[in-house]
Amino acid sequence: TCCLQQTKAGIIESAYKPLTIPDNVDFGSFILSHLEQYKDRPLIENGLTGVKYSYSDVISKSLKVASAFKKSGYKPGDVIAVFSTNNPEYLLVYIAAAAAGLTTTTMNSAYSAKELKFHLENSECCAIITTEELVSTVKEAVGTSETVKLKEIIVFGNSHGCRPFSTLVEDDGTALTEVYSGNAKEDVLVLPYSSGTTGLPKGVMLTHHNIVSNLLQLTVLKLDTSDRILGILPFYHIYGMVCILFSIITNGCSIYTLPKFEPEIFLSTLSKNRITCVHLVPPLILFLAKHPLVEDYDLSAIRRIFSGAAPLGKELVLKCKERLGVQEMIQGYGLTETSPVVHVSVPPIRHEGSVGTLIPNTAAKIIDPETNEILGPMQTGELCIKGPQVMKGYLNRPEATADMIRDGWLYSGDLAHYDEDGHFYITDRLKELIKYKGFQVAPAELEALLITHPDIKDCAVIGIPDEKAGELPRAYVVSNDKSTIREEDVLNFTKANVAPYKQLRGGVEFVPEIPKSAAGKILRRILRDSYKNKLND
Ligand code: 4UU
């Protein structure tokens, strides 16, 4: 029943029957009630080590960790950070923090010390939980900062001078007298970062209500208790956090975690555990569709592949379906700022290339970015979103929040249209954000870094199209008059300062000046067009 529901004003409402979403349910009690439903079923297993937890284990262990947090003196509203690759214990932290009323902030585990320092300062967190491999990055970030005020570094495993996470799991549980319940629409459950439409990464305040809403809205996907899921996409990002990790629990499934993508391990984990549903991003779907290694593994248990975070081409969908014999290739669309899901393509899928229809309790409109006029079917404009999953705002950034959410509508910064059936198509990005393999790269962040180089007078960064990665960051640089700076110097400079996924893989071009508007805004469209022309020459 997914036909177009359009009001006179050009606002498209979800065609699903509205769900009753409770107003004041906290994530802790919400998730615990689901955990209790499935008791001794397996929940989460480390795909590398085989360490595993049942649903009951996750209840008892996360409540003990919550008690340990209380004993450490962390109070509702305090922020704790997780800086880690995927593992089952990541889930314990999310649930423990919620039960103790704390906010969890997360970041990419590939961050440099410099990037981490910015995040820790900006989120004002009081503790960080990390892995043995990443402790040195944490120490470097904290060591150089007077404003990072961490009370402790907790480590999965053991590391000198850090508190082992195992001591929290072994807590007697007495300090947690009840699971935190507060104001679900105000209290911030998680604080992932996103650069939004412009500027530097900002803390996205997602409330208990935002996340509970999106999990209820996601039930249109109908996962099954017998589904075995792969947890390879990072749990720090909203896709891995909500669509994978949390929604496993609301559906009673089990999950196998992997810390990173490594072709053979990825394929053998899929095959060995007879994984039924795989959440991926387009570059990984490209791998499944094209890589010769895939032939060597039995992937016949896979019944569904999910894709999100970046555009997925129709040809790729068809190729993957044919090669793996998978009937259901499901797309989801959304943003960190929308918890994240707004649209999903629910089977049977008739429109390849579409991100699907609006999930329950969600409305959208397409507006002309120049005139603000509301557009109709098949007309391309900016996609605006309304629903209980829309964020509370950006942390300490009232202007950026007011810019993003106007009259209750979230302006996505994406260009889209919908057809007569209410299926949406994302066609381009209006905002400056670059996506490398689905990861956010904020041009403003790279520009702010480059401009600190003594030989660089001005610069701009854009994304250029790439078949494998989706987009690659490319810099335009105006060098100082007497400088002899070369592309290699610029690349070495970014290598020393930012995470591998933010590197200028699209190259560096030296130009006499950066095109700017009268107000001093970089005219990225001109740079994009000039790159396109260069390719065509
Ligand atoms: C074209 O990437 C995300 C969210 C991913 C997601 C959402 C719903 C995955 C599964 C799901 O069901 O969040 P951010 O904040 O990192 O990036 C948001 C941006 C969007 O504004 C859009 O430009 O990522 C792009 N994007 C997509 N683009 C997200 N999903 C899609 C998509 N097609 N399916």
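Residues numbered from 1 in each chain as written. Predicted model: local features only at pLDDT ≥ 70, side-chain atom pairs only at ≥ 80, totals over all residues. Heavy atoms only, no water.

A. Structural detail: the overall build of the protein. The helix and strand inventory of the protein stands at 15 helices and 30 strands. For the C-alpha atoms alone, the extent of the protein along its principal axes is close to 65 × 55 × 55 Å. Out of the 537 residues belonging to the protein, those deemed buried represent 59%. At a minimum sequence separation of 6, the contacts of the protein that also span at least 24 residues come to 70%. Carbon and sulfur atoms form 51% of the exposed surface of the protein, whose accessible area is close to 21900 Å². Of the charged side chains in the protein, 55 are positive and 63 negative, and the gap between their average positions amounts to 1 Å. (Helix = DSSP H or I, 4+ residues; strand = E, 2+ residues; numbered from the N terminus. Buried < 20%, exposed > 50% of the residue type's maximum accessible area, 1.4 Å probe, protein only. Contact = heavy atoms within 4.5 Å. Areas by Shrake-Rupley, 256 points an atom, 1.4 Å probe, with all protein chains shown as cover. Lys, Arg positive; Asp, Glu negative; His and termini not counted. Charge placed at Lys NZ, Arg CZ, Asp CG, Glu CD.)

B. Summary view of the pattern of salt bridges. For the structure on display, the rule yields 23 salt bridges. In this structure, arginine 163 and glutamate 152 form a salt bridge, with 3.4 Å as the shortest nitrogen-oxygen distance. Placement of arginine 163 in strand E9 (residues 163–164) and of glutamate 152 in strand E8 (residues 152–156) is noted, with a sequence separation of 11 residues between them. For arginine 163, a relative accessible area of 24% translates into the label partly exposed. The buried category is assigned to glutamate 152, whose relative accessible area is 16%. A salt bridge links arginine 323 to glutamate 295, with the shortest nitrogen-to-oxygen separation between them at 3.0 Å. (Salt bridge = Lys/Arg side-chain N within 4 Å of Asp/Glu carboxyl O.)

C. Just the packing of helix H1 (residues 27–38) against helix H8 (residues 238–251), in detail. Orientation of H1 relative to H8, taken along the N-to-C sense of each, is 50 degrees, at an axis distance of 8 Å. Put simply, H1 runs oblique to H8. Of the residues in H8, those in contact with Phe27, Phe30, Ile31, His34, Leu35 and Tyr38 of H1 are Phe246, Ile249, Thr250 and Asn251. Taken together, the residues that form the contact of H1 with H8 break down as seven nonpolar, three polar and no charged. (Axes fitted to C-alpha atoms, helices over the stretch in contact; angles between N-to-C directions. Parallel < 35°, antiparallel > 145°, perpendicular 65-115°, else oblique. Nonpolar A, V, L, I, M, F, W, Y, C, P; charged D, E, K, R; others polar.)

D. Geometry of the site of the ligand. Within the structure, the ligand sits among 22 residues, and Gly332, Thr336, Asp414, Lys431 and Lys435 are positioned closest to it. Within the side chain of aspartate 414, one N or O atom sits 2.5 Å away from an oxygen atom of the ligand. In this structure, arginine 429 approaches the ligand through a side-chain N or O atom, which is 3.0 Å from an oxygen atom. When the ligand is considered free in solution it has 660 Å² of accessible area, and contact with the protein chains removes 97% of it. Elements with a contribution of two residues or more to the shell around the ligand: H8, strand E17 (328–334) and strand E25 (424–429). Residue classes in the shell around the ligand are distributed as 11 nonpolar, seven polar and four charged. (Near = heavy atom within 4 Å. Polar contact = N/O pair within 3.5 Å; in protein donor to acceptor, adjacent residues only side chain to side chain.)

E. Quick peek at the nonpolar core. Residues Leu35, Phe69, Leu288 and Ile305 are the most contacted members of the largest nonpolar core, which totals 123 residues. Core analysis: the second largest hydrophobic core is formed by 50 residues, Ala81, Met107, Leu120 and Ile128 among them. (Core = buried A, V, L, I, M, F, W, Y, C linked by side-chain atoms within 4.5 Å.)

F. Quick look at helix H9 (residues 263–272). Every buried residue of H9 is accounted for by Phe266, Leu267, Thr269, Leu270 and Ser271. Each element contacted by the buried residues of H9 is listed here: strand E13 (228–231), strand E14 (254–257), strand E15 (277–280) and helix H10 (282–290). One or two steps after H9, the chain reaches arginine 274, where phi turns positive at roughly 50 degrees.

G. Up close: the packing of aromatic side chains. Tallied over the entire structure, the rule returns 12 aromatic pairs. Geometrically, the ring pair formed by phenylalanine 266 and phenylalanine 287 is edge-to-face, given 5.9 Å between the ring centres and 65 degrees between the ring planes. With phenylalanine 266 in helix H9 and phenylalanine 287 in helix H10, this pair connects stretches of sequence that are 21 residues apart. Classification of phenylalanine 287 by relative accessible area gives buried; the value is 10%. (Phe/Tyr/Trp six-rings, centres within 6.5 Å; stacked < 30°, edge-to-face > 60°.)

H. Here's a closer look at the sheet that holds strand E19 (residues 357–358). The strand order across the open sheet built from nine strands is E4-E3-E14-E13-E15-E16-E17-E18-E19, with neighbouring strands paired in mixed fashion. Unpaired on one side and paired on the other, strand E4 (52–54) and E19 mark the two borders of the sheet. (Pairing = 2+ DSSP bridges.)

I. Broad picture of the state of the cysteines. With the rule as written, the count across this model stands at zero disulfides. Unpaired in terms of disulfides, cysteine 162 finds its nearest cysteine sulfur in cysteine 125, a separation of 14 Å. Here cysteine 320 stays unpaired: no disulfide links it, and the sulfur of cysteine 277, its closest cysteine neighbor, is 14 Å away. A residue is classified by how much of its surface remains accessible, and cysteine 320, at 0% relative accessible area, is buried. (Disulfide = S-S within 2.5 Å.)

J. Just empty space enclosed by the protein, in detail. Inspection of every chain in the model, using the stated rule, returns three cavities of 30 Å³ or more. Space inside the largest cavity adds up to approximately 220 Å³. A total of three residues in the lining of the largest cavity trace back to one element, the largest contributor, which is strand E27 (residues 439–441). Taken together, the residues of the lining of the largest cavity sort by class into 11 nonpolar, six polar and two charged. (1 Å grid on protein atoms, 1.4 Å probe; cavity = no way out; pocket = protein on both sides within 12 Å on 5 of 7 lines; lining within 4 Å. Points joined across faces, edges and corners; volume = space filled by probe spheres on them.)

K. Helix H15 (residues 524–536), seen in detail. Over its 13 residues, H15 runs 19 Å from end to end, which matches the ideal 18 Å to within 8%, given 1.5 Å per residue. By the burial criterion, the buried members of H15 are Arg524, Leu527, Arg528 and Tyr531. Seen end-on, H15 carries its buried residues on one side only, within an arc spanning 100 degrees. (Expected span 1.5 Å × (residues − 1). Arc of directions from axis to C-beta.)

L. Unusual backbone geometry, seen in detail. With an omega of -5 degrees, the peptide bond between serine 339 and proline 340 qualifies as cis. Assignment of secondary structure puts proline 340 in the loop between E17 and strand E18 (341–344). Going from proline 347 to proline 348, the amide bond is cis rather than trans, its omega being -5 degrees. Residue position: proline 348 is located in the loop between E18 and E19. The residue lysine 437 is not glycine, and still its phi comes out positive at about 50 degrees.

M. Spatial organisation of the pairing of strand E28 (residues 456–466). Bridge analysis of E28 against strand E29 (residues 470–479) gives 10 bridges, and the strand direction is antiparallel. Paired with valine 461 across the two strands is alanine 475, which belongs to E29. What sits between E28 and E29 in their antiparallel hairpin is a turn of three residues.

N. Structural detail: the pairing of strand E20 (residues 363–367). With five of five residues buried, E20 lies mostly within the body of the structure. Where burial is concerned, the two faces of E20 agree: the one with Ala363, Lys365 and Ile367 and the one with Ala364 and Ile366 are both buried. Where E20 lies against strand E21 (residues 381–386), five bridges are found, and the strand directions are antiparallel. Bridging from a neighbouring strand, isoleucine 366 pairs with leucine 383 of E21.

Just distances and angles here, no functional claims.
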